[in-house]
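These are the residues of each chain, in order.
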Amino acid sequence: MIQIEPEVIQQAQNGNQQAFTTLVEACQKPVYNLCYRMLGDPDEAEDAAQETFLRAYHNLRRYDRQRSFSTWLLSIAAHYCIDQLRRRRLTLISIDADPALDPPDLAPGPESAFHHSQEQQRVQALLDTLGPQDRSAVTLYYWYDFSYDEIAEALSLTVSAVKSRLHRARLSMAQTWSEQETTSYPTERKHHESPAF
Amino acid sequence: MNHQPFRSWLLSEEPLPPEQAQALNEHLQDCEACRQIDTSWSKVFGLFQCVSPAAPAPGFTERWQQRLIAQRMAAQRRQAWIAVAVTAGTALLLLLILGIQVVQILRAPAQLLLMWIARLTSLVNVLVDIQKFILMVLNSGPIIPITLAIFFTGFICFISVAWLATYRQMTSNWRIA
Ligand SMILES: [Zn+2]
């Protein structure tokens, strides 16, 4: 989880630009990762992460230091991404129409990169089947170790709503996985069996 | 076959009481659908654990700083445009009013002159009426009876003398102190 000195937050709240830059440095990866898991596109994730920090910068005075800074910041990112996904639906751009995701270059070797990108794509394909709020709940639960209370706080939901959303999301992803296994296995086997020319 | 509450137990991440765990195991032995959900979820969970977090391209902070500067400049530009628009709007309004007046003068200059002469005449008439009223009041004799006037004059003189005496006493007391 993100570790930030309370003094840095206080300095940033008092208008210290350098202190806020330190916060951006410290939190960029978790914020970007959340946006990437939510939106599934590196450019959109970059844009959303940048926008998150701009919103945090303009609303920093409203941040209550009694609460966790990372929860507050990731909550801004999650809400922004949820809005983006809803807007995407409104503009009738189907999520399914964009299956070829381009994940960031994370691993060094080409084979490893390929494997990695396949895994990333599979994760993203699973997350894409979920609604915006379920997707953010799953991301915060599995990649950020947020508790039910923290997710509830970040997404402005009740704890029971978080639990039921997570349950529904698990079932949906498991069913999607089963369907993918049954439909993709024959083609995968064919690929393996066919000789390389 | 009814899969509830087994699906809830299956996907629950909280530890189950022994009797629930046993009932779930028994159900899984008989139910192919729930067994598949169980296997699939385990694979999904395994996949979640093996993907590393995505990271932004290098230079994220610099790009953010540039974006902040661009946003500030855009806000300043917006404010400048608003100021220009308000000034131009006011100037246009004033020009419009002026234009209407000029058009009126140009359309009927004689009528305008006559109107102003009429206004001036009525003003002079009002002044003459005021003058007449003052003269009438002055010629109608004293308003206050003579005895009352004498009484008032005497009273004011007495008050003035009393006030002067008090003032002197107060100032001399100060000197002694
Ligand atoms: Zn079952």
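Residues numbered from 1 in each chain as written. Chains lettered and ligands numbered in written order. Predicted model: local features only at pLDDT ≥ 70, side-chain atom pairs only at ≥ 80, totals over all residues. Heavy atoms only, no water.

Engineer: Which parts of the structure should I look at to understand the overall build of chain B?
Structural biologist: A count of helical and extended segments in chain B gives 6 helices and 0 strands. Sequence-ordered secondary structure for chain B, helices as α and strands as β, is α-α-α-α-α-α. Burial status across chain B gives 13% buried among its 177 residues. The contacts in chain B between residues at least 6 apart in sequence include a share of 47% that link residues at least 24 apart. (Helix = DSSP H or I, 4+ residues; strand = E, 2+ residues; numbered from the N terminus. Buried < 20%, exposed > 50% of the residue type's maximum accessible area, 1.4 Å probe, protein only. Contact = heavy atoms within 4.5 Å.)

Engineer: Can you help me understand the interface of chain A and chain B in this one?
Structural biologist: It is common to give the size of an interface as the accessible area that goes away when the parts come together. At the interface, 43 residues of chain A touch 30 residues of chain B. The largest share of the area that chain A buries against chain B comes from Q50, L54 and W177 of chain A, three residues that together contribute 16% of it. With a shortest N-O distance of 3.4 Å, E181 of chain A and K43 of chain B are connected by a salt bridge. Linking chain A to chain B there are 18 residue pairs in polar contact (both at pLDDT 80 or more). (Buried area = accessible area lost by both parts, 1.4 Å probe. Salt bridge = Lys/Arg side-chain N within 4 Å of Asp/Glu carboxyl O. Polar contact = N/O pair within 3.5 Å; in protein donor to acceptor, adjacent residues only side chain to side chain.)

Engineer: In this structure, what is going on with the coordination of the zinc ion? I would like to understand it.
Structural biologist: A four-donor tetrahedral metal ideally has 109.5 degree angles, and a six-donor octahedral metal ideally has angles of 90 or 180 degrees. Residue and element names in this part refer to chain B. For the zinc ion, every protein donor is listed as H3 (ND1), H27 (NE2), C31 (SG) and C34 (SG), and the spread of their distances is 2.0 to 2.4 Å. For the zinc ion, all donor residues lie on one chain, and their spacing in sequence is H-x23-H-x3-C-x2-C. Given a relative accessible area of 4%, C31 falls into the buried group. For C34, a relative accessible area of 0% puts it in the buried group. (Donors = N, O, S within 2.8 Å, 3.2 Å for Na, K, Ca; no water.)

Engineer: Sorry if this is basic, but what is going on with helix α3 (residues 32-50) of chain B here?
Structural biologist: Because each turn of an α-helix spans 3.6 residues, side chains separated by three or four positions in sequence point in the same direction. Residue and element names in this part refer to chain B. Relative to the 27 Å expected for 19 residues at 1.5 Å per residue, α3 spans 27 Å between its end C-alpha atoms, a close match to the ideal helical length. By the burial criterion, the buried members of α3 are C34, I37, S40, W41, V44, L47 and F48. All buried residues of α3 lie within an arc of 140 degrees about the axis, which places them on one face of the element. (Expected span 1.5 Å × (residues − 1). Arc of directions from axis to C-beta.)

Engineer: Before we go on, may I ask you to explain the packing of helix α1 (residues 6-13) of chain A against helix α2 (residues 17-39) of chain A in this structure?
Structural biologist: Any two packed helices are characterised by how steeply their axes cross, that is the angle between the axes, and by the distance between the axes. All names here are of chain A. Look at α1 against α2: their axes get within 7 Å of each other, and the N-to-C directions meet at 130 degrees. Relative to α2, the element α1 is oriented oblique. Pair α1 / α2 crosses with left-handed handedness. Together, V8, I9, Q11 and A12 of α1 and A19, F20, T22 and L23 of α2 make up the contact between the two elements. (Axes fitted to C-alpha atoms, helices over the stretch in contact; angles between N-to-C directions. Parallel < 35°, antiparallel > 145°, perpendicular 65-115°, else oblique. Left-handed = near helix turned anticlockwise from the far one by under 90°.)

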